[in-house]
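# Structure at a glance
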Amino acid sequence: MPAPGWARTALIVVNPAAGGVNAPLVDETTRCCAPCVKWDLVRARDRAETADAAAKAYENGVDVVVALGGDGTARDVASGIARRGGVEGGTAMINLPAGTGNSFYREIWSDRPWQQALRAALTTERPRLRRVDLARIVELDTLVLLGACSGLVAEALVTAGRLTDVPGRDRYRQAVARTLRTFRPYPGRVSVDGTVVHEGTAVLANVGGGRYRGGQFKLLPHSELDDGLLDVCVVGGELDPAALPGLTADGSHVDRPESVYARGRRITLERTDGAPLAFEHDGELPATDATHYTLEVLPHILPVLAPPPTHRNSYTHTKGWS
């Protein structure tokens, strides 16, 4: 019999392809859930199956979806819940860090051990549910959890796809280092709510709600997941791209004169010379040759289990929130 708590049912969605997922981890996750809730488990084979499992959990009234994987798994579960539930959703998500970057887990739970986070989220009588913002890429009709980026980050992801023998975060670091050998800033333009905030060469333009990308690069240090806005940081081509990895380690790139930082509800990234814009979203590379992408915010659309708030402006809700 599960221990008394707010949650009664949980669905564990496992991404077997995530770098940190293995049988012992799955077993430990189910052991953590068993004393707290009645649980079921789905091993998703691809992105569509992951999102579909989360959507069905919402439709069936499951209290919690546990996303066991990396940022990609969290994104797909979030998409499934948000597309069914919207702001009235009754199913919350918790993501466990079993991928390469694990940026989303870090955003919510910092460095807290995931076993403690999961037990706390499931057993408390009045859990904190943060209503997290998502973004929608208009041209792709795709939802974004952490962010989207043009330029260097996107090109480094292409390189990372070739480094199949390099594990974990080392793959990101090596991919960035190799990409920098031949990288050149691109001619671009960035608009926020219809106003051009940058026009000229750019190393990258990162849009999103999450502060971290790849679990280690603090590209949007002032961002909040639930403020109803998208942040964007544009790093101009005047900055030596080789300096960027070191600067983004602590977010100090935003203080450089070559950078522009802004917030808004609708942000457009463009490449102005007619060539395809190198672009990624949540670590995915779209199969298009588009020259521009527009992201619009979907405010407070995803309920996420989180630790108690640390400041008065945090969104705090209990089961059956309004």
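Residues numbered from 1 in each chain as written. Predicted model: local features only at pLDDT ≥ 70, side-chain atom pairs only at ≥ 80, totals over all residues. Heavy atoms only, no water.

### Topic: empty space enclosed by the protein
For clarity, the threshold we go by: Here the term cavity refers to a set of points on a 1 Å grid, laid over the protein atoms alone, in which a 1.4 Å probe fits but cannot get out; the term pocket refers to an open set having protein on both sides within 12 Å along at least five of seven lines, with lining residues being those that place an atom within 4 Å of a point. Grid points are joined across faces, edges and corners, and a volume is the space filled by probe spheres set on the points. Helix numbers and strand numbers start at the N terminus; a helix is a DSSP run of H or I with at least 4 residues, a strand a run of E with at least 2. Residues were grouped as follows: Ala, Val, Leu, Ile, Met, Phe, Trp, Tyr, Cys and Pro as nonpolar; Asp, Glu, Lys and Arg as charged; and all remaining residues, including Gly, as polar.
Within the structure shown, the criterion is met by 1 cavity of 30 Å³ or more. What the largest cavity holds in volume is close to 40 Å³. No other element matches the 3 residues that strand β5 (residues 128-137) contributes to the lining of the largest cavity. The residue makeup of the lining of the largest cavity, split by class, is 7 nonpolar, 2 polar and 1 charged.

### Some points on the packing of helix α2 (residues 47-59) against helix α3 (residues 71-85)
How we decide: Helix axes use the C-alpha atoms of the stretch in contact, all axes being lines fitted to C-alpha atoms, and the angles between their N-to-C directions lie in the range 0 to 180 degrees. Small angles under 35 degrees read as roughly parallel and large ones over 145 as roughly antiparallel, with 65 to 115 read as roughly perpendicular and the rest as oblique. In this scheme the handedness of a crossing depends on how the near helix is turned from the far one: anticlockwise by less than a right angle means left-handed, clockwise means right-handed. For this analysis, residues touch if any pair of their heavy atoms sits within 4.5 Å.
Contact geometry for α2 and α3: axes closest at 7 Å, N-to-C directions at 40 degrees. With respect to α3, the element α2 is oriented oblique. Two packed elements cross with a definite hand, and for α2 against α3 that hand is right-handed. Along its contact with α2, which presents R47, T50, A51, A54, A55, Y58 and E59, the element α3 presents T73, R75, D76, V77, G80, I81, R84 and G85. Taken together, the residues that form the contact of α2 with α3 break down as 6 nonpolar, 4 polar and 5 charged.

### Side note on α2
Selection rule: A helix is expected to reach a length of 1.5 Å times the quantity of its residues less one. With a 1.4 Å probe rolled over the protein chains alone, any residue whose accessible area is under 20% of its type maximum counts as buried; one over 50% counts as exposed, and the rest are partly exposed. For the purposes of these results, a polar contact is taken to be a pair of N or O atoms within 3.5 Å, where, inside protein, one atom must be able to donate a hydrogen and its partner to accept one; residues adjacent in sequence count only when each atom of the pair is a side-chain atom.
End to end, α2 covers 19 Å across 13 residues, agreeing with the expected 18 Å (1.5 Å per residue, within 8%). For α2, the full list of buried residues reads T50, A51, A53, A54, A55 and A57. For α2, the N-terminal cap is D46; the gap from its side-chain oxygen to the backbone nitrogen of A48 is 3.3 Å. Looking at the residues trailing α2, positive phi occurs at G61, about 75 degrees.

### Quick notes on the packing of aromatic side chains
Our working definition: Whether two aromatic rings pair depends on their centres lying within 6.5 Å, for rings of Phe, Tyr and Trp, where Trp uses its six-membered ring; planes under 30 degrees apart make the pair stacked, over 60 edge-to-face, and the rest tilted. Two conditions define a charge located above a ring, namely a distance within 6 Å from the ring centre to NZ of Lys or CZ of Arg, and an angle within 35 degrees of the ring normal.
In this structure the tally under the stated criterion is 1 aromatic pair. Each ring, one from F279 and one from Y293, has its centre 4.0 Å from the other, and the planes form 10 degrees; the classification is stacked. Of the two residues, F279 sits in strand β15 (residues 279-281) while Y293 sits in strand β16 (residues 292-306), which places them 14 residues apart along the sequence. The buried category is assigned to F279, whose relative accessible area is 3%. Given the relative accessible area of 1%, Y293 is considered buried. Directly above the ring of Y212 sits R106, whose terminal nitrogen or CZ lies 3.9 Å from the centroid.

### A short note on the confidence of the model for the protein
We count it as follows: pLDDT: the predictor's confidence for each residue, scored from 0 to 100.
When pLDDT is averaged along the protein, the result is 89; 92% of the residues meet or exceed 70. Counting contacts from residues 311-322, a segment whose pLDDT is below 50, to residues more than four positions away or on other chains yields 31 contacts.

### A short note on the environment of P185
Structurally, P185 is set in the loop between α7 (168-180) and β8 (186-192). Given a relative accessible area of 28%, P185 falls into the partly exposed group. The sequence separation of P185 and A156 amounts to 29 residues, and the corresponding C-alpha distance is 13 Å. Beyond its immediate chain neighbours, meaning those up to four positions away, P185 contacts T201, A202, V203, G237 and P241.

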